Structure formats: C-alpha cells, structure tokens
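So you can see what is in the structure, the chains are spelled out below.
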Amino acid sequence: MRGAIAAGNRHSAEAGAWALREGGTCVDAALAATFAAFVTEGPLTGPAGAGFVLLHAPGEAPIVLDCFFAVPAEERGEMDEILIDFADASTQVFHVGEPSVAVPGLVAGLLAAHELRGRLPWPTLFTPALELARRPLETTPAQSFLHEILVPILQREEGGKRIYGRAGQIDATELGPTLVLLRDAREAALPLLLDDLAGDLERYRVEERRPLEGSFGGLDVLTTPAPSIGGAVVQEGLATLDREPGGAAGSAGEAVALASALRAAYAPTGASGGRPTATAHVAVIDRDGASVGLSSTLGSGSGVFRHGFQLNNMLGELDVIGTHRHEAGDRLPSMMTPTLVLDPDGRPRLLAGSAGSVRLAGAILQVVAGVVGHELPVGEAIDRPRLHVDGETVHVEGGWGETIPAALAEHDYDVRPWAERNLFFGGVSAVERRGAALGAAGDPRRGGFGLVVP
C-alpha cells in the first residue's frame, strides 16, 4: 500500500492521496492536502494560518515543527465583537477585524517540513489545489452549516461575500494567483501578500521541538509540547484512564471514567467555554512507515480578506490565549495537538488530530481510548458519541445510552444532554495501522474524509 490519509474534507484527502500515488512521502501528501484545504476549507486554514507538524520516520527521532502564531510588533487598536448563534451551543462573542490578526507561520512550517522529508518538487504539490481553484465548488452539509452560522464573519467584507456569498457554494477562484505566488516565490510570497506584517514575517522562525512523551495501554504516546497546551491535556487524560479504565465501550462506567479523565486533564489549563472554532487536520502514514500529523488554523477567522483568503483572528481567541498582555514576538498558546501512538516495535499505530478549540484535545483523547483501549476500528472510534467536561458541567453528545445522563448526575456532574451529534464536540481526522492493514477516517461532524491508497 502507498499509504493512508485522513483530512477534514474529501477534496483535501483526495489531493493527499494523489501525492501518495505520485510517489510522494507522507509530508508531500500532507502538504498537497493542506494546499487543497486553502481552497476547500478556507474558513479553517489558509496562507495566513499557523499550526504544528508532528513528524515521525523509522530510525529517526520524532520532531514537532512549531509554526504557530506569534504576536506582532505593532498593536492595532480595539477588535470588533460579533455575536454568533450556534443553536444548541448557545451564542458566542467573537473578536475579529485587523487588530485580531497575529503573525502567521504556516507557510514557513510547510516549507520546513518539505525540506525535511519532501520528495516531490514543491511546485508539484500545488497541482490539486490549483485545479480546485479553477471553478466554484459545492459545499458539504457540514460546510453549509458552518458557513451559515459564520455569515457575520465570512461575509463581513466584500472579499468574503465573493467567496461565500452564494449558499451551498465556495467560489475560491480569486485564490488561484495567490497559490501560484506561493508555488513560485515560496517564503518570499507572504510578505508580498501581507505587506503590513512584512517585518514580523521576516523575524519569524519555525522552531523544532521534542514531542511530549507518555503512554496509554502499554503503548507510547507522542503529543505536542508548548506552546500547545493540548498535548498535556491528552497525556493527563490518558494517564487517568489508564489508572481508572471504567468499563466496556458505551457503558455507564466508561462514561463516568471519561468524564473523570477529562475533568482531571482540563483542570490545570484553566481553559473553558466552547466556541466551535476552525482547525484543519491532516494525518498520513506512507509506504515507508513514516507518518505526519499537520494541524493548522485561522482561529475563528478575522473576517478580513486579502487576495482570496481570510486572515486569522488568533489575538481574539481569548478563551485559548487568555486576556493578559502578550509581548511582541511571543508564541501564542494553542490547544491543537497532533497525537501519535506507537506500537511496541516503534511503528505508527494511530495518528490523530482534531478541530474544536478547547474541546479538540478531549476529542483526540476519546478516539485514542476507543482505538487503543477498546480496540475499535478508527472510523468507529471517531463516529461514536463524545463527552466534554467544563468544570462541573459535562456535555453529553447525542447517541449515548439513555442511562448515561443519570449515571453522570450521580457523580455530581451538571449534565447538559445534546439531542444529536454536533461539531461542538470536535472534528477528528485519523489514520491507523492494524497489523498489516491501514485505516483512515474523517469526522462526520465536520465532513471529514479518509482514504487508504493501495
């Protein structure tokens, strides 16, 4: 097999699969998928985004490329506040506009990843994205829902209206010249596209970091270190589950154990709230046994559009970065955490990442628990209902058994049941190796897609 890939959108996954068929590595596939996501998942990621790349290859030490947001040198005044109605998740205040834009590092991180393990030429990796940008695309039901609730942000400016102004459609044709510039000019492209951040971009550096190391079910687990706080959440939650596994999948015992693990994991972070924010994750295993998890984001999006793409609003993501003052050049904190589980021979067993702001680490934790703890296939582990714990409140996604809310209430939780599956609970993309077979799955909550490439 050439490999397996999972992404947040069918077009993105197919772009990565194309790269694997062309003889590319896991990094080539992840980059091709991410460039395609600039077109198909524009509210989630783009040239003004940032993220983390977890890379593992046989015989080599695993590394994390930190290409997350930095604080710009110049403050730009007060951010605009926009109220978004998420129905079951109630309303949320978003902070947007140019003052919310942080220094993006994603393009620099993609270039660094390609230098480390790319095989296909950099320009070749834009082929699927450029093809997708030539024509308007139909949205999936999950995308349509997200675009509808984010209208006040996505259509705040005329540039956004041209892309998202027609229901059921994405018209990213304006992005084509930007993709060509990124293809041809590489690191020199972004200062041309974002000239007001040129000085900050010149000073920006991708940092190589060692993953956090933990274990679960006797297997090694690698997660993302600071400035991510999500890696520590996953590690603490899995350690708690190892000590108190609960019971069979879907049982009341498991639900109580998961709630306890999530409460213990999130307590040290102080993170709370629940805005369903934007992250694109790509997970790939290739024929060489190498793997990469690439998570990128625009925060919730700033509503500011340039050259066919939206700028980030990471300075406005106060539920993650906090309200204290950050110094120019500082890396901002994140909850994103590509997570890799290794089998006893040191090969990838499971590679997962997720969207979902503060809830994404808990979503990853629950998928790892399903695959490793309960031996569920990766697609089944992603599909099954989840929990999210915020202090003493536990949100119970639709699909749990009728006895679960009462069992949680007996343990003094304030139980908030949800009627159906919802993007509030994250959007996991994951690949697995089960013996000689590969598996891949995206999250139906957000229209994710997985492919095994024979």
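Attention here is on the structure that accompanies the text.

Scoring rules and cut-offs
Residues numbered from 1 in each chain as written. Predicted model: local features only at pLDDT ≥ 70, side-chain atom pairs only at ≥ 80, totals over all residues. Heavy atoms only, no water. Buried < 20%, exposed > 50% of the residue type's maximum accessible area, 1.4 Å probe, protein only. Helix = DSSP H or I, 4+ residues; strand = E, 2+ residues; numbered from the N terminus. Pairing = 2+ DSSP bridges. Axes fitted to C-alpha atoms, helices over the stretch in contact; angles between N-to-C directions. Parallel < 35°, antiparallel > 145°, perpendicular 65-115°, else oblique. Left-handed = near helix turned anticlockwise from the far one by under 90°. Contact = heavy atoms within 4.5 Å. Nonpolar A, V, L, I, M, F, W, Y, C, P; charged D, E, K, R; others polar. Core = buried A, V, L, I, M, F, W, Y, C linked by side-chain atoms within 4.5 Å. Salt bridge = Lys/Arg side-chain N within 4 Å of Asp/Glu carboxyl O.

**Here we look at the pairing of strand S3 (residues 63-67)**
- Of all 5 residues that make up S3, 5 are buried, and the element is covered over most of its length.
- Burial along S3 is two-sided: Ile63, Leu65 and Cys67 facing one way and Val64 and Asp66 facing the other are all buried.
- In sequence, strand S2 (residues 50-56) turns back onto S3 through a hairpin of 6 residues, with Gly59 there showing a positive phi of about 75 degrees.
- Pairing between S3 and strand S8 (residues 207-209): 3 bridges, direction antiparallel. Bridged to Leu65 within S8 is Glu208.

**Quick look at the packing of helix H11 (residues 230-243) against helix H14 (residues 360-373)**
- For the pair H11 and H14, interaxial distance at closest approach is 9 Å and the crossing angle is 40 degrees. By the angle between their directions, the pair H11 and H14 is classed as oblique. For the crossing formed where H11 meets H14, the hand is right-handed. Counted together, Gly230, Val233, Val234, Gly237, Leu238 and Leu241 of H11 and Ala361, Ile364, Leu365, Val368 and Ala369 of H14 form the full contact between these two elements.
- Looking at side-chain class alone, the contact of H11 with H14 contains 9 nonpolar, 2 polar and no charged residues.

**Focus: the sheet that holds strand S17 (residues 387-390)**
- If you walk across this open sheet you meet the 3 strands as S17-S18-S19, and the pairing is mixed. Each end of this open sheet is capped by a strand with a single partner; those strands are S17 and strand S19 (414-417). Going across the sheet, the axis of each strand differs from the next one's by a mean of 20 degrees, ignoring polarity.
- Alignment of strand S18 (residues 393-396) against S19, held across 4 bridges, turns out to be parallel. When the bridges of S19 are listed, His395 appears paired with Arg416.
- On top of the sheet, helix H12 (residues 252-266) reaches S17 and S18; it is set at about 45 degrees to S17, its chief contact.

**Overview of the nonpolar core**
- Ranked by size, the top nonpolar core spans 80 residues in total, and within it Leu31, Phe35, Val39, Leu179, Leu194 and Val284 carry the most contacts.
- Per element, the largest residue contribution to this core is 11 residues, and it comes from helix H2 (residues 26-40).
- Ignoring sequence-local partners within four residues, the contact set of Val39 consists of Ala129, Leu132, Ala133, Leu137, Ile170, Ala172, Leu175 and Leu179.

**Section: the pattern of salt bridges**
- This structure, assessed with the given rule, holds 29 salt bridges.
- Between Asp66 and Arg331 there is a salt bridge, with its nearest N and O atoms 3.2 Å apart. Highlighted residues: Asp66 in strand S3 and Arg331 in the loop between helix H13 (318-321) and strand S15 (339-342), separated in sequence by 265 residues.
- With a relative accessible area of 0%, Asp66 lands in the buried category.
- Ionic pairing is found between Arg162 and Glu174, a salt bridge with its closest N-O pair at 2.4 Å. With Arg162 in helix H7 (residues 158-164) and Glu174 in the loop between strand S7 (169-170) and helix H8 (176-185), this pair connects stretches of sequence that are 12 residues apart.
- On the accessibility criterion, Glu174 (34% relative accessible area) is partly exposed.
- Via salt bridges that share partners, Glu60, Arg117, Arg119 and Asp288 belong to a single interconnected network.

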